[in-house]
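Below are the chains, spelled out letter by letter.
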Amino acid sequence: AALSATGQTKVHKGFEPLVEGFIYLEYNDMEALQQIHPKKTAAVLLELVQGEGGVVPADPVWLRKLADFCQQNNILLMVDEVQTGIGRTGSLFCYQQFNIEPDVITLAKGLGSGFAIGALLAKEHAAKYFTPGSHASTFGGNPIAATAGLATVEFLIEHRIAEKVQVLAEYLNSGLLELQKHYPIIRQVRGIGLLCGLLVGERAADVVVKARDKKLLILTAGTDVVRILPPLTTTKAEIDQCVSILDQVFQSL
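Just so it is clear, the structure is predicted and the values come from calculations on it, not from any experiment.

Participant: Got a sec to walk through the packing of helix α5 (residues 161-182) against helix α7 (residues 236-252)? Specific residues and values, please.
Facilitator: Between α5 and α7, the shortest axis-to-axis distance is 10 Å and the interhelical angle comes to 20°. On the basis of their axis angle, the class for α5 and α7 is roughly parallel. α7 is crossed by α5, and the crossing has right-handed handedness. Each of Val 167, Leu 168, Tyr 171, Leu 172, Gly 175, Leu 176 and Leu 179 in α5 lies in contact with α7, whose residues at this interface are Lys 236, Ile 239, Asp 240, Val 243, Leu 246 and Asp 247.

Quick look at the structure:
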């Protein structure tokens, strides 16, 4: 069902038949919202910054209209914060920057600071249906993962990491924009917080490989975007090192 929920056809292959009942709408497209049937839709699920989709932030006006439609028609608004949550975008959760309030949030990755964990947060009107025994997970809520998650959240709040991310993100973004001035291959710098993307076209994979050879770990987002996800505890000196390596990489291309 999770694979069926994603609009990426590449991950569907080999797992057919998919679960029926999912439709995929164009991101940030106002007209696409008209395809949501108010009487036949249970929920809307989306990322506020598309990860694999190319590090594309949601348009605030579009998102507000979508959220209002869901609320007016009793449709659950479910936000995937697996990549954007836990301080990554400069606030504890990314939705806090968009003037919306989802009914359900999914979390993972950053929540465990590297330890495997997944979590589901829901408002009471949705959470009440998860009664004891109605849903289970072999590894869900194990003591080590839960302890890692608790320690992560406590550290984030106590050390005001989200606020520091805002400062570091602005610093990193300025460095990336400076690179864009020198290298036409960088068509766009985008993202929120320390979730950054460089639109570089078909050379994205080449950039990742050349950066790795210089000891900088980055990754692609789709086929034409380079994704940069520094640790939330990174420093300006490390950001300078990152930008310097990227400078060398683009110079070699």
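Participant: Describe the sheet that holds strand β9 (residues 219-220), naming the residues involved and giving the relevant values.
Facilitator: The 4 strands lie next to each other as β7-β8-β10-β9, forming an open sheet whose pairing is antiparallel. In this open sheet, the two edge strands, each paired with only one partner strand, are β7 (188-192) and β9. Relative to strand β8 (residues 195-199), β7 runs antiparallel, the two being bridged by 5 bridges. Opposite Gly 191, over in β8, you have Cys 196 as the bridge partner.

Participant: Could you give me a rundown of the sheet that holds strand β1 (residues 43-47), with the residues and numbers involved?
Facilitator: If you walk across this open sheet you meet the 4 strands as β1-β4-β5-β6, and the pairing is mixed. Whereas interior strands pair on both sides, the edge strands pair on one side only; in this sheet they are β1 and β6 (119-122). Ignoring strand direction, the axes of neighbouring strands in this sheet form an average angle of 20°. Sheet analysis places strand β4 (residues 76-80) next to strand β5 (residues 104-107), joined by 3 bridges and oriented parallel. The residue of β5 that forms the bridge with Met 78 is Val 104. Contacts from helix α2 (residues 60-72) reach β1 and β4, with the element oriented near 155° to β1.

Participant: Break down the pattern of salt bridges for me, citing the residues and quoting the values.
Facilitator: This model, assessed by the stated rule, comprises 7 salt bridges. For Lys 10, the salt bridge identified is with Glu 52, shortest N-O distance 3.4 Å. Pair noted here: Lys 10 is in the loop between α1 (2-5) and β1 and Glu 52 is in the loop between β2 (49-50) and β3 (56-57), with a separation of 42 residues, a long-range link. Asp 206 is the salt-bridge partner of Arg 203, the closest N and O atoms lying 2.6 Å from each other. Taken together, the shared-partner salt bridges in this structure form one network comprising Lys 10, Glu 52 and Arg 227.

Participant: An account of the pairing of β5 is needed here, citing residue identities and associated values.
Facilitator: Across 4 bridges, β5 lies against β6 in antiparallel orientation. Across the sheet, Leu 107 pairs through a bridge with Ala 119, a residue of β6.

Participant: A description of the layout of surface pockets should follow, citing residues and the corresponding values.
Facilitator: Computed from the structure, the second largest pocket encloses a volume of approximately 510 Å³. Lining the second largest pocket are 20 residues, with Arg 88, Lys 109, Gly 110, Ser 113 and Leu 232 sitting closest to its centre. For the lining of the second largest pocket, the element with the highest residue contribution is helix α4 (residues 143-158), accounting for 3 residues. Among the residues forming the lining of the second largest pocket, the class breakdown is 9 nonpolar, 7 polar and 4 charged.

Participant: Lay out the environment of Gln 188 with the relevant residues and their values.
Facilitator: Residue position: Gln 188 is located in strand β7. Note on Gln 188: relative accessible area 35%, which makes it partly exposed. As a C-alpha pair, Gln 188 and Leu 198 span 10 residues in sequence and 5.8 Å in three-dimensional space. Beyond its immediate chain neighbours, meaning those up to four positions away, Gln 188 contacts Gln 180, Gly 197, Leu 198 and Leu 199. In this structure the side chain of Gln 188 is engaged in a polar contact, spanning 2.8 Å, whose partner is the side chain of Arg 190.

So, how was this worked out
Residues numbered from 1 in each chain as written. Predicted model: local features only at pLDDT ≥ 70, side-chain atom pairs only at ≥ 80, totals over all residues. Heavy atoms only, no water. Axes fitted to C-alpha atoms, helices over the stretch in contact; angles between N-to-C directions. Helix = DSSP H or I, 4+ residues; strand = E, 2+ residues; numbered from the N terminus. Parallel < 35°, antiparallel > 145°, perpendicular 65-115°, else oblique. Left-handed = near helix turned anticlockwise from the far one by under 90°. Contact = heavy atoms within 4.5 Å. Pairing = 2+ DSSP bridges. Salt bridge = Lys/Arg side-chain N within 4 Å of Asp/Glu carboxyl O. 1 Å grid on protein atoms, 1.4 Å probe; cavity = no way out; pocket = protein on both sides within 12 Å on 5 of 7 lines; lining within 4 Å. Points joined across faces, edges and corners; volume = space filled by probe spheres on them. Nonpolar A, V, L, I, M, F, W, Y, C, P; charged D, E, K, R; others polar. Buried < 20%, exposed > 50% of the residue type's maximum accessible area, 1.4 Å probe, protein only. Polar contact = N/O pair within 3.5 Å; in protein donor to acceptor, adjacent residues only side chain to side chain.

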